[in-house]
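Summary of structural features
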Amino acid sequence: MEMQNIFERIEGMRGEICETLSKLISYPSYRQEPAEGAPFGKPARECLDKTLEICRELGFKTENIDGYAGTASFTDGEPLLGILAHLDVVPAGDGWTLDPFKAEIKDGKLFGRGAMDDKGPAVSVIYAMKALKDSGVRLKHGFELIVGTDEECGSSDIAYFKAHAKTPRWLFTPDASYPLINIEKGHIGARFTAKASSEKLVYLHGGRTINAVPASASAALKGVGEEEISAAIKKAGCTVKFEVKKAGEETVISAVGTSAHASTPDVGDNALTALIKLLSLIDLGGEAGERLCALAREFPYKETDGKTAGVAMKDETSGALTLAFSILDYENGEFSGGIDIRFPICGSVKEVSKRLGAALERAGFEHKIGGSEPHCVSADSPFVKKLLSAYEAVTGKKGECLAIGGGTYVHGTEGGVAFGCEIEGEDNRIHGADEFIRVDALIENAKIFAEAIVRVCEEE
Ligand SMILES: [Zn+2]
């Protein structure tokens, strides 16, 4: 098969591709109240129905898996390869200068919620299929597009799909970045609590979500002199900004650092661990003072590999474990906190949980720890090599495997990798205001997918 012929067909459908994507963007398919046949709300179901309707009009067989997911295929026989994309989106949020659910093309960019994440990539797959079908190519192995409707809120769509349909041997999701992600670290989430009385600590608050390095934290003290606080700030030597204010009988200390995703804690400057360090240098006395000193000892400020807590580990293929101390609250004599860990493929949920649990116990905390194992598809597998060669053939760029700390749509699905569609150096404002995809990227993605389908499913 002359791929050039298929690429020209894709180029020729530029207008249709933008039109279809605009149609799908018009559904506000973020998670809403479930309804009959619409487990994630009506708009998500309608967007799924519309997508499958378009696929049928283009000549594909489709199947609707009870409103959770759908499939479309132009080949006969059992699919060897699946491309998994999602039609649900996150809510619009603030700051849009355009209507998030009315697509608009400006300067070669198509704007709208879901343009890049993940309706655009889904549409590119559909037109890659259309070009292949129209060219009359005959493939040795079957292929299908799988579209889900709950990626943003826990991927229960895929759990349902796995239970009610057959998952292809090989799978890729165009829901992350190029070139290709074959390793996703394991994940641990820990919640911990301790009762602790205090005469001097009134409250402490830092961090709200467990998967982010907190950019701010604050604590109120009673009966502590400002001089002692200033001396402690000096001694702590933190790079966050501390501010001390009198509020009646209380002195409020706030810390402002830099946020980061929990999978890259070294990029941030943790305001919470800085504040804990500072408080550990002030004589607070009582149980609360002791607990804070113990936390400062086990989880030192600026340490993001969990070395002191005894959880550090690394391997060559997936890198080092990362630890983000993300939440701590103290109120009414009780601490509650959260820690997020991403661990390399040499570790396991059991081992990391055990080590982290021991550190928390040494600090005097009760805990609940859970997580998911690392996800890995060998970089040497023919599947991965074929995808990378397709990427290289279309883009002329070097294809290589990446390991990340975050989890993608295929985490836990055997034989699944993430392939596309973000590229280094371009911010498509995924989950933010004025999300967009370049129209050229929509076309190029379709070419990459067509090339990948032919290479993996092979011509007859
Ligand atoms: Zn996504």
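**Focus: the overall build of the chain**
When you go through the chain residue by residue, the secondary structure sums to 11 helices and 26 strands. Relative to the globule expectation of 23 Å for 460 residues, the C-alpha radius of gyration of the chain, 25 Å, shows essentially globular dimensions. Across its three principal directions, the C-alpha atoms of the chain cover 80 × 45 × 45 Å. Across the 460 residues of the chain, 53% fall into the buried class. Look at the contacts in the chain between residues 6 or more apart in sequence, and 76% of them connect residues 24 or more apart. Put simply, the chain shows about 19500 Å² of open surface, and 47% of that area lies on carbon and sulfur atoms. Side-chain charges in the chain split into 52 positive and 71 negative, and the spacing between the mean points of these groups amounts to 2 Å.

**Structural notes on the layout of surface pockets**
One number sums up the size of the largest pocket: a volume of about 1200 Å³. As for the largest pocket, its lining consists of 34 residues, of which E151, H261, G406, G407 and T408 are closest to the centre. Of all elements in the fold, only α5 (156–164), β8 (176–177) and β23 (401–404) reach the threshold of two or more residues within the lining of the largest pocket. Here the lining of the largest pocket is composed, by residue class, of 8 nonpolar, 17 polar and 9 charged. Looking at which domains feed residues into the lining of the largest pocket, each of domain 1 (3–185 + 376–457) and domain 2 (188–372) gives three or more. A volume near 250 Å³ is recorded for the second largest pocket. If you trace the second largest pocket, you find 13 residues lining it, with Y178, P179, E422, I423 and E424 closest to the centre. Class assignment for the residues of the lining of the second largest pocket results in 5 nonpolar, 2 polar and 6 charged.

**Overview of the domain arrangement of the chain**
On domain assignment, one finds that the chain holds domain 1 (3–185 + 376–457) and domain 2 (188–372). For domain 1 versus domain 2, the separation of C-alpha centres amounts to 39 Å. Of the residues lining the interface, 8 residues belong to domain 1; the matching set on domain 2 comes to 10 residues. For the pair domain 1 and domain 2, the two sides together bury roughly 640 Å², of which 63% comes from carbon and sulfur. Interface area lost by domain 1 to domain 2 is led by I183, K185 and G405, which between them contribute 70%. Inspection of the region where domain 1 meets domain 2 yields 0 salt bridges. At the boundary of domain 1 and domain 2, one finds 2 residue pairs in polar contact (both at pLDDT 80 or more).

**Quick word on the coordination of the zinc ion**
Angles at a metal have ideal values that depend on geometry: 109.5 degrees with four tetrahedral donors, 90 or 180 degrees with six octahedral donors. The protein atoms that coordinate the zinc ion are H86 (NE2), D117 (OD), D175 (OD) and D175 (OD), at distances of 1.9 to 2.7 Å. In this structure, the zinc ion is coordinated by 4 donor atoms arranged in irregular fashion, with angles at the metal of 52 to 144 degrees. Linear spacing of the donor residues for the zinc ion on their chain is H-x30-D-x57-D. In this pair, D117 sits in the loop between β5 (109–111) and α4 (119–135) while D175 sits in the loop between β7 (170–173) and β8, placing the two residues 58 residues apart along the sequence. Across the pair, D175 and D117 agree in class, each one buried.

**A short note on the sheet that holds strand β21 (residues 366–372)**
The 8 strands lie next to each other as β14-β15-β13-β11-β19-β20-β10-β21, forming an open sheet whose pairing is antiparallel. Since the sheet does not close on itself, it has two edges, and those belong to β14 (241–247) and β21, each with one partner. Along the sheet, successive strands turn relative to each other by an average axial angle of 15 degrees, direction set aside. In this sheet, strand β20 (residues 334–343) lies alongside strand β10 (residues 186–195) in antiparallel orientation, the contact comprising 10 bridges. What sits directly across from R191, in β20, is G338. The strands that helix α6 (residues 226–236) touches are β13 (216–222), β14 and β15 (250–256); relative to β14, the one it contacts most, it runs at about 175 degrees. Lying on the sheet, helix α9 (residues 349–362) is in contact with β10, β20 and β21; it crosses β21 at an angle near 160 degrees.

**A word on the pattern of salt bridges**
Counting across every chain of the model gives 22 salt bridges. Salt-bridge contacts for D150 lead to R31; the nearest nitrogen and oxygen are separated by 3.3 Å. With D150 in the loop between β6 (142–148) and α5 and R31 in the loop between α2 (14–25) and α3 (42–57), this pair connects stretches of sequence that are 119 residues apart. Judged by its relative accessible area of 1%, D150 falls in the buried class. A relative accessible area of 43% places R31 in the partly exposed class.

**Topic: the packing of aromatic side chains**
Per the counting criterion, the structure on display carries 16 aromatic pairs. Ring plane angle 0 degrees and centroid distance 3.7 Å describe the contact between Y68 and Y160, whose orientation is recorded as stacked. Note that Y68 is positioned in the loop between β1 (61–65) and β2 (69–73) and Y160 in helix α5, a separation of 92 residues in sequence. Where F111 meets F436, the ring centres are 5.6 Å apart and the plane angle is 45 degrees; that geometry is what we call tilted. One end of the pair, F111, is in strand β5; the other, F436, is in strand β26 (residues 436–438), and 325 residues separate them in sequence. Assessed through its relative accessible area of 4%, F436 is described here as buried. Among the aromatic residues, those joined into a ring-pair cluster are F192, F299, F325, Y330, F335 and F365. Of note, K109 hangs over the ring of F436, and the distance from its end group to the ring centre comes to 4.8 Å. The positively charged end of R169 is found above the aromatic ring belonging to W170, 4.0 Å away from the centroid.

**Things to note about the sheet that holds strand β4 (residues 104–106)**
Spatial ordering of the open sheet is given by β4-β5-β26, a layout of 3 strands whose pairing is antiparallel. Where the open sheet ends on each side, the last strands, each with one partner, are β4 and β26. Direction aside, neighbouring strands of the sheet carry axes that sit 25 degrees apart on average. Bridging between β5 and β26 involves 3 bridges; their strand directions are antiparallel. In the sheet register, L110 faces β26, and the bridge partner there is I437. Relative to β5, α2 is tilted by about 20 degrees, and along the sheet it contacts β4, β5 and β26. Across the face of the sheet, helix α11 (residues 439–457) comes into contact with β4, β5 and β26 while running at roughly 70 degrees to β26.

About the thresholds
Residues numbered from 1 in each chain as written. Predicted model: local features only at pLDDT ≥ 70, side-chain atom pairs only at ≥ 80, totals over all residues. Heavy atoms only, no water. Helix = DSSP H or I, 4+ residues; strand = E, 2+ residues; numbered from the N terminus. Rg over C-alpha atoms; globule rule 2.2 N^0.38 Å. Buried < 20%, exposed > 50% of the residue type's maximum accessible area, 1.4 Å probe, protein only. Contact = heavy atoms within 4.5 Å. Areas by Shrake-Rupley, 256 points an atom, 1.4 Å probe, with all protein chains shown as cover. Lys, Arg positive; Asp, Glu negative; His and termini not counted. Charge placed at Lys NZ, Arg CZ, Asp CG, Glu CD. 1 Å grid on protein atoms, 1.4 Å probe; cavity = no way out; pocket = protein on both sides within 12 Å on 5 of 7 lines; lining within 4 Å. Points joined across faces, edges and corners; volume = space filled by probe spheres on them. Nonpolar A, V, L, I, M, F, W, Y, C, P; charged D, E, K, R; others polar. Domains from an automatic or database assignment. Buried area = accessible area lost by both parts, 1.4 Å probe. Salt bridge = Lys/Arg side-chain N within 4 Å of Asp/Glu carboxyl O. Polar contact = N/O pair within 3.5 Å; in protein donor to acceptor, adjacent residues only side chain to side chain. Donors = N, O, S within 2.8 Å, 3.2 Å for Na, K, Ca; no water. Tetrahedral: all angles 85-135°; square planar, octahedral: opposite > 155°, others 65-115°. Pairing = 2+ DSSP bridges. Axes fitted to C-alpha atoms, helices over the stretch in contact; angles between N-to-C directions. Phe/Tyr/Trp six-rings, centres within 6.5 Å; stacked < 30°, edge-to-face > 60°. Lys NZ or Arg CZ within 6 Å of the ring centre and 35° of its normal.

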